[in-house]
2 protein chains.
Amino acid sequence: MAKDKVKVGLLGFGTIGGGVAKVLLQNKDLIASRCSMPVELALVVDLAKEATVAKMESIGLPQNMYSSSVNDIIDNDDIDIMVELIGGVHPALEFITDALKKGKTVVTANKDLIASHGGELLQLASEHNTDLHFEASVAGGIPIIHTLKESLAANQIQEIMGILNGTTNYILTQMAEKGLDFSVCLQEAQKLGYAEANPTNDVEGFDAARKVAILASIAFNSRITDDQVYVEGITKISDRDIMYAKELGYVLKTVGIAKESESGIEARVHPMMIPTDHPLSSVNDVYNAVFVEGFPIGKTMFYGKGAGEFPTASAVVGDIIMATRDIHSNTRARIGCTCFEHKRIKPIGEAVCKYYIRLTVTDKPGVLAQITKILGEQEVSIATVLQACTFADGRAELVLVTHQVAEAHMRKAIDEIKALQCVSEIGNVIRVAGENDNLK
Amino acid sequence: MAKDKVKVGLLGFGTIGGGVAKVLLQNKDLIASRCSMPVELALVVDLAKEATVAKMESIGLPQNMYSSSVNDIIDNDDIDIMVELIGGVHPALEFITDALKKGKTVVTANKDLIASHGGELLQLASEHNTDLHFEASVAGGIPIIHTLKESLAANQIQEIMGILNGTTNYILTQMAEKGLDFSVCLQEAQKLGYAEANPTNDVEGFDAARKVAILASIAFNSRITDDQVYVEGITKISDRDIMYAKELGYVLKTVGIAKESESGIEARVHPMMIPTDHPLSSVNDVYNAVFVEGFPIGKTMFYGKGAGEFPTASAVVGDIIMATRDIHSNTRARIGCTCFEHKRIKPIGEAVCKYYIRLTVTDKPGVLAQITKILGEQEVSIATVLQACTFADGRAELVLVTHQVAEAHMRKAIDEIKALQCVSEIGNVIRVAGENDNLK
């Protein structure tokens, strides 16, 4: 019998869960028209009973819609779609597994889970002729997952480069605009609720790495998990690096990169200097952006808020609508897991970048010659030497920008430079976007 | 019986048709894997036999795949998808009508047709339980149609603002960068193949108007045809306007705007001054961008090449893949026409903008007072008066920027100002983006 409405069970009623409920209520008629059938929020499950019921009341949901048990969703044959918003790998994995086995469509915003167990869950969904949607797991409201899977499906994707973590981007934007150092900006971000009390996941790049794993898996049709993504955070970035970046015509951003070449896939997250005329350079504060290059599309970019109650709810409810339309037209598993290949993942040593090197040296003749000799031996050629400052103690700060070179060579050179007697400190080594990374 | 492949008939083998064929060939294996079944180009129909056969040969298509008759697609039950790339309203309308009546899925890049007859064709598709896809009709490779229909379907869209015509944007970019006037830049664009011999459709805004009609219809779920879109071209823009725009902190762009408020829908295309910190301001040359604002997504932007063989082929083949997946999962008409409302379209007089006014006046005391008196009577308040130049003949150029006001008031004021004896010429009146149009 054809269904006359679709029922949704919401698992997790934090910020995003509340946003999803509000959107389902506020845009109810619009959603029903667009889906050709009503979408009804049927049950809210969250262990924090008191807070949940209070929030439900405040947005006009009846108390009898609350349950503390996920089984009230999983075992309820009337509920078609389970929306998982509790986050983390366990017990979300177990709950989603059970729901998929029951043939329910699952919508999730859980990047940790998709980046680590996406393959097996998509496989399970397919075995049970149902769907797992996860648009909200990457870049909040920006519709990049579905766009890669559907609208851009004609493309052989060559590269995805994105600003995928709002916390990091907010901190770097503040450092650049106000000339403050990392710890001050981190505290400010924490005060504003942009950074968590324990900011490790964001500032060390782990959050962005999960998103890179998800994007790379879809773009290259080969499963990549988050532990295969090379990661470097922003904790070592100093205000000096940001100052020099500006002087050199760059903006410092943490980017997630997924790139394919004949020798395999690169998947990495690290700070990078981006030329000021690149569209990603003007993506500031908590905004995210994803730049995609492929054939035949060429270069394209998607921009929006990467987090927050409502942008994320846009993605979650978009997935619910997609699922509802599938249910309405009696279709399931229309697009399953697209990882039908097994491609090599390149180690970071094979990545090719330009590099910014900031180092403190004895201010004596011949120092630059010693450094450039080592670089030359490692096939690193220098594009720019910046006339940097001399300190009171007679030492000097030197800034170099290299041409493109394989990272393994660069690392070897840095090790040797570090050992030179005239070099007292390597301040930082930061990758620089190459000519090929530009949108023009 | 389940089909083991999908067959495509291509109608029109110009630039885009050739691109589509190349992409179907070059990305064949990838497309087959992503669709779970092969997509086969079965027939190419174009009246220009010699050129078509020559191009087919050059890309490796056998000569027996050519036909001069569209009926070889329409009447061939083996062909599942007709791709219409001949452009223009007639006879594309008749061909598509016939194909839909046969139950074929139709993919088209034809903005003229969709903007004028989209409603009836979508209705027809639905009656025959089939689909009409038209992603390529707006903004080339940028996947905005499908994104609005599917990924952003949870949103009440408030505004769409886009740079939708590459020709116009190229000319305006050149005028700004090189300080040249319109006619010189138009000739340059024609030389480069960015503008047609008869550039009217592009430079007068008709092309962008079609795109605005299509976007507005989807965004607001109410049919708007191209003749309902207010249009103003760029032929009256002078290098002086561009110079003053720069001085005032703006960039001059032609934008397409679709906006909804309680009193109805605005749909318009005209030059507009955009603040330099707005993301649309840095969209240069032949790039397009579409900015979307809605609830819950907030503000988001999509950026890419708006025309050309390959970007457009990305959209067309994306639609073919979507259709193939539907055929593979035995689904049709999953999302039909979404214009289920009939909303009022506001006349241009109700639009609310800030305005830039450039006028030539007698350089005498009291002139500004006369002008501001008229503006004041029409409730137009002035934000900026620019100290502009004095000519050798004693007349002076005056530039004003107003605060936001309804266009009807502005027009009345301009008529009265024009009649003042001290005013010898209204050089130009150009709309200016308001504070509400910003992405921050």
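Residues numbered from 1 in each chain as written. Chains lettered and ligands numbered in written order. Predicted model: local features only at pLDDT ≥ 70, side-chain atom pairs only at ≥ 80, totals over all residues.

### Section: the relation of the copies chain B and chain A
Using the following cut-off: Copies overlap after least-squares fitting; the atoms used are the C-alpha atoms of residues with pLDDT of at least 70 in both. C-beta atoms are placed from the backbone for every residue, and two residues are taken to be in contact when these atoms lie within 7 Å.
Rotating chain B by 180 degrees and moving it 0.0 Å along the rotation axis overlays it on chain A with an RMSD of 0.0 Å. Here the two chains are linked by the operation of a two-fold rotation axis. When C-alpha positions in chain B are compared against the rotation axis, the closest is assigned to B:F302, at 2.3 Å. Interface overlap between copies: 100% of the residues of chain B at the interface are likewise at the interface in chain A, consistent with a symmetric, same-surface contact.

### Side note on the packing of helix α7 (residues 144–151) of chain A against helix α7 (residues 144–151) of chain B
Which entries qualify depends on this criterion: Throughout, an axis means a line fitted to C-alpha atoms (over the contacting stretch in the case of helices), and angles, computed between N-to-C directions, take values from 0 to 180 degrees. Under the DSSP-based scheme used, a helix requires at least four consecutive residues in state H or I and a strand at least two consecutive residues in state E, with every element numbered from the N terminus. Working definition: roughly parallel below 35 degrees, roughly antiparallel above 145 degrees, roughly perpendicular at 65 to 115 degrees, and oblique for all remaining angles. When the near helix sits turned anticlockwise from the far one by under a right angle, the crossing is termed left-handed; a clockwise turn instead gives a right-handed crossing. All amino acids are sorted into three groups, where Ala, Val, Leu, Ile, Met, Phe, Trp, Tyr, Cys and Pro are nonpolar, Asp, Glu, Lys and Arg are charged, and the leftover types, Gly among them, are polar.
Relative to each other, α7(A) and α7(B) sit at 125 degrees, their axes nearing to 11 Å. Comparing their axes, α7(B) and α7(A) come out oblique. The element α7(A) and its partner α7(B) pack so that their crossing is right-handed. Contacts between α7(A) and α7(B) involve A:H146, A:T147, A:E150 and A:S151 from the first element and B:H146, B:T147, B:E150 and B:S151 from the second. Its residues placed into classes, the contact of α7(A) with α7(B) shows no nonpolar, six polar and two charged.

### What about the interface of chain B and chain A?
Taken together, the contact between chain B and chain A spans 48 residues of the former and 48 residues of the latter. When residues of the side of chain B that touches chain A are traced back to their parent elements, those giving at least two are α1 (15–26), α2 (28–35), α7, β12 (298–305) and α13 (309–328) of chain B. Looking at which element gives the most residues to the side of chain B that touches chain A, the answer is α13(B), with nine residues. For the side of chain B that touches chain A, a count of residues per class yields 22 nonpolar, 19 polar and seven charged.

### Points about the sheet that holds strand β2 (residues 39–45) of chain B
All names here are of chain B. This is how it is decided: Strand pairing is defined by DSSP finding a minimum of two bridges between the two strands.
Judged by pairing direction, the sheet is parallel, and its six strands sit side by side in the order β3-β2-β1-β4-β5-β6 without closing on themselves. Two strands bound the open sheet, and with one partner strand each, they are β3 (66–67) and β6 (132–133). Across four bridges, the pairing between strand β4 (residues 81–84) and strand β5 (residues 105–108) is parallel. Across the sheet, the residue bridging to M82 is V106, located in β5.

### Quick word on the domain arrangement of chain A
All names here are of chain A. Selection criterion: All the domain ranges listed were derived from an automatic or database domain assignment.
Under the domain assignment used here, chain A contains domain 1 (6–140 + 309–328), domain 2 (150–303) and domain 3 (349–437). Computed over C-alpha atoms, the centres of domain 1 and domain 2 are 28 Å apart. At the junction of the two partners, domain 1 supplies 11 residues and domain 2 supplies 13 residues. A class-by-class count of the residues in the side of domain 1 that touches domain 2 yields four nonpolar, five polar and two charged.

### Let's talk about the nonpolar core
Here is a general trend for soluble globular proteins: nonpolar side chains tend to be buried in one another's company. As a reminder of what qualifies: Note on definitions: a nonpolar core is a set of buried residues drawn from Ala, Val, Leu, Ile, Met, Phe, Trp, Tyr and Cys, linked by C-beta atoms within 7 Å. Think of it as a crowd count around each C-beta: if 20 or more other C-beta atoms lie within 10 Å the residue is buried, if 12 or fewer it is exposed, and in between it is partly exposed, with C-beta placed from the backbone throughout.
In terms of nonpolar packing, the biggest core is built from 284 residues, with A:L10, A:V83, A:V316, B:L10, B:V83 and B:V316 touching the most fellow members. With sequence-adjacent residues up to four places away left out, B:V83 is seen in contact with B:V8, B:G9, B:L10, B:L11, B:V20, B:V107, B:V316 and B:I320.

### Looking at the sheet that holds strand β6 (residues 132–133) of chain A
Strand order across the open sheet formed by six strands is β3-β2-β1-β4-β5-β6 (chain A), with parallel pairing between neighbours. Unpaired on one side and paired on the other, β3 (66–67) and β6 of chain A mark the two borders of the sheet.

### Let's talk about the pairing of strand β10 (residues 264–275) of chain A
All names here are of chain A. Burial runs high along β10: nine of the 12 residues are buried. Summarising the sheet, strand β8 (residues 230–231) and β10 pair through two bridges and their orientation is parallel. Following the sheet pairing, V231 is matched in β10 by V269. Two elements, strand β9 (residues 250–261) and β10, share 12 bridges in a ladder whose sense is antiparallel. Each residue of the ladder has a partner; that of L252, found in β10, is M273. Here β9 hands over to β10 after two residues, the two strands then running antiparallel side by side. In this structure, β10 lies alongside strand β17 (residues 423–432), joined through two bridges in parallel fashion. Along β17, the bridge assignment pairs M273 with V432.

### Regarding unusual backbone geometry
Look at the link from A:H90 to A:P91: it is a cis peptide, with omega at 5 degrees. Inspection of the secondary structure puts A:P91 in the loop between β4 (81–84) and α5 (92–101). With an omega of 15 degrees, the peptide bond running from B:F295 to B:P296 counts as cis. With a phi close to 65 degrees, A:S36 is a non-glycine residue in the positive phi region. Here A:S36 lies in the loop between α2 (28–35) and β2 (39–45). Phi is positive for A:N330, which is not a glycine, with a value near 55 degrees. Structurally, the position occupied by A:N330 is in the loop between α13 (309–328) and β13 (352–362). The class for A:N330 is exposed, based on 12 C-beta atoms found within 10 Å.

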